[in-house]
Amino acid sequence: MTHADRAPWAIVVAAVMLCAACGGGGETDDLAPSDVPRTSAAAPTSTVSPAPTTQPPTTSPERSAPRSPLAGKVSDIGGATYDPAEHRRDEPIPAQLSVAGIDVDSAQITSVGVLPDGRFEVPDATVVGWYRFGPTPLEAGSTVLAAHLNYDGVNGVFRYLADVDVGAEVSVTLTDGQVASYRVTEVRLIDKNLLPPDEIWNRDGPARLVLITCGGRYDAARRSYDDNVVVFADPV
């Protein structure tokens, strides 16, 4: 998978509600990548001269090619700001995750983004989602991996994430075979509406791994948990 379609990293975190509830439905994060700034101007259109009132000559002058009916709809979108970080090809990305002590061994990782309504996309119960608009383990900033606690009656990969020990080893295997190793430094239960964006969605600063799932009280009416379990891990 390439990063040709990576979006800009300026994001708005309105109310982050990661991971889905038990049952048939699911909840995901409310965050929306910003649009690339653009300018637009209508393309010039040609004018058509009225038909001559005099008798046309026997030999007609050379006629121009017919104009496409779509030509008048073409717009110049201008030049979006080019960011080399958004146009990289074939870089290694997360492929598998292992977390010591909580039965997560070589769990499959898939690249995810946001849904059309702006919520964080989380894959099914058996797969971990890597937020592809953020850093990889080889880059500065926070690499974010999210997975379900449970979903549609199936235990999720992060079923026991809240039980991970500080000091536990975590490894992320990349698509090129490299392994990024981490050690858990903190396990927190945070209200979904109070997740700290400056700790989770960093694209610069020290490299770290952030693992997120649901936790806390389960609200049966909303089919959702009140909190998120957030695990922070530093490279070793």
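The rules behind each value
Residues numbered from 1 in each chain as written. Predicted model: local features only at pLDDT ≥ 70, side-chain atom pairs only at ≥ 80, totals over all residues. Heavy atoms only, no water. Core = buried A, V, L, I, M, F, W, Y, C linked by side-chain atoms within 4.5 Å. Buried < 20%, exposed > 50% of the residue type's maximum accessible area, 1.4 Å probe, protein only. Helix = DSSP H or I, 4+ residues; strand = E, 2+ residues; numbered from the N terminus. Contact = heavy atoms within 4.5 Å. pLDDT = per-residue confidence, 0-100. Salt bridge = Lys/Arg side-chain N within 4 Å of Asp/Glu carboxyl O.

**What to know about the nonpolar core**
In this structure, Leu-97, Val-128, Leu-145 and Leu-211 are the most contacted members of the largest nonpolar core, which totals 27 residues. Contributing elements (two or more residues each) for this core: β5 (94-99), β6 (104-112), β7 (128-131), β11 (169-174), β12 (179-191), β13 (208-219) and β14 (224-235). The contacts of Leu-97, once residues within four sequence positions are left out, are Val-104, Asp-105, Ser-106, Ala-107, Ile-109, Val-128, Leu-145, Phe-158, Val-170, Ser-171, Val-172 and Leu-211. In this structure, Val-122, Phe-133, Val-144 and Val-210 belong to the second largest nonpolar core, which totals 15 residues.

**Re the confidence of the model for the protein chain**
Scored by pLDDT, the protein chain has a mean of 74; 62% of the residues are at 70 or more. Per-residue pLDDT stays below 50 along residues 1-17; that stretch engages in 74 contacts with residues further than four places along the chain or on separate chains. In the model, residues 19-56 has pLDDT below 50 throughout and makes 109 contacts with residues more than four positions away in sequence or in other chains.

**Focus on the pattern of salt bridges**
Counted under the stated rule, the structure contains five salt bridges. For the salt bridge of Arg-183 with Glu-169, the shortest nitrogen-to-oxygen distance reads 4.0 Å. Of this pair, Arg-183 sits in strand β12 while Glu-169 sits in strand β11, and the two are 14 residues apart along the sequence. One salt-bridge network, held together by shared partners, links Glu-186, Arg-188 and Glu-199.

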